[in-house]
Amino acid sequence: HTALIFILPAAATLTTDVYFPSTLLTSIRGYNLVLVTINITGAFMDGFFSAWESGETLPSGPKTEALHLVASDVRSFYLSAYTSWAGMLGEAASIAYAKESVFLGIVYILMSIFC
C-alpha cells in the first residue's frame, strides 16, 4: 500500500505530462485540449472508481474488498495527481489575458468542468 502512494501519482504525472502532450491533442486555435481531455476523463474515472469503491456495481465476494481498496487508492492518489485544477486555471488565465476577456476564461473553466 505504501508503494502505491508513490507509484500512482508518478503514473498520473507520466500520463498527463509525457503521454498526452505527445499526442495530437495539443491545441486547436490556441485552446489547450490536453487539459480539457484530462479533466473530462478524470471526472469519468472518478465516477467509475467511485462505483467500485462503494460496492454498488460489484457483487459481494472475496474480490470485492480488493477492488474496494484499489478503487480507494486510485481515487486518492492517482486521480488527485491526474486531474489538473491548477493547470486548467492557468490555461483559463492565459486565454483571458490573450483574448482580453475574462468571460472566455470563465467559459473555458465551465466547459472543462461540465463537458
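Below you will find a few notes about this structure. (Residues numbered from 1 in each chain as written. Predicted model: local features only at pLDDT ≥ 70, side-chain atom pairs only at ≥ 80, totals over all residues. Heavy atoms only, no water.)

**Concerning the overall build of the protein**
If you tally the helices and strands in the protein, you get 5 helices and 2 strands. Evaluated residue by residue, the protein yields a buried proportion of 29% over its 115 residues. Total accessible area on the protein stands at roughly 7,300 Å², and carbon and sulfur atoms take up 69% of it. (Helix = DSSP H or I, 4+ residues; strand = E, 2+ residues; numbered from the N terminus. Buried < 20%, exposed > 50% of the residue type's maximum accessible area, 1.4 Å probe, protein only. Areas by Shrake-Rupley, 256 points an atom, 1.4 Å probe, with all protein chains shown as cover.)

**Re a nonpolar patch on the surface**
On the surface, a cluster of nonpolar side chains totalling about 520 Å² of accessible area is made up of V102, I106, L110, I113 and F114. Examined against the element boundaries, L110 turns out to sit in helix α5 (residues 102-114). The partly exposed category is assigned to L110, whose relative accessible area is 42%. (Patch = residues over 30% accessible without salt bridge, like charges linked within 9 Å, V, L, I, M, F, W, Y side chains within 5 Å. Salt bridge = Lys/Arg side-chain N within 4 Å of Asp/Glu carboxyl O.)

**A word on the nonpolar core**
In terms of nonpolar packing, the biggest core is built from 10 residues, these being L8, A12, V34, I38, F49, A71, V74, Y78, L79 and Y82. Of all the secondary structure elements, the ones that give two or more residues to this core are α1 (2-22), α2 (33-54) and α3 (62-82). When residues of this core are assigned to their parent elements, the largest contribution, 5 residues, is made by α3. If you look at the next biggest cluster of nonpolar residues, it comprises 8 residues, including L35, V36, M88 and I95. (Core = buried A, V, L, I, M, F, W, Y, C linked by side-chain atoms within 4.5 Å.)

**Considering the packing of α2 against α3**
In contact at an axis separation of 8 Å, α2 and α3 are set at 160° when each is read in the N-to-C sense. Classified by the angle between their axes, α2 and α3 sit roughly antiparallel to one another. As α2 packs across α3, the resulting crossing turns out to be left-handed. Contact residues: I38, T41, G42, M45, D46, F49, S50, W52 and E53 in α2; L67, H68, V70, A71, S72, V74, R75, Y78, L79 and Y82 in α3. Its residues assigned to classes, the contact of α2 with α3 shows 11 nonpolar, 5 polar and 3 charged. (Axes fitted to C-alpha atoms, helices over the stretch in contact; angles between N-to-C directions. Parallel < 35°, antiparallel > 145°, perpendicular 65-115°, else oblique. Left-handed = near helix turned anticlockwise from the far one by under 90°. Contact = heavy atoms within 4.5 Å. Nonpolar A, V, L, I, M, F, W, Y, C, P; charged D, E, K, R; others polar.)

**Some points on the pattern of salt bridges**
Within this structure, the stated rule accounts for 1 salt bridge. Notably, a salt bridge pairs D46 with R75, separated by 2.7 Å at the nearest N-O pair. Pair noted here: D46 is in helix α2 and R75 is in helix α3, with a separation of 29 residues, a long-range link. When its relative accessible area of 29% is taken as the criterion, D46 is described as partly exposed.

All quantities given are derived from atomic positions and should not be read as evidence of function.
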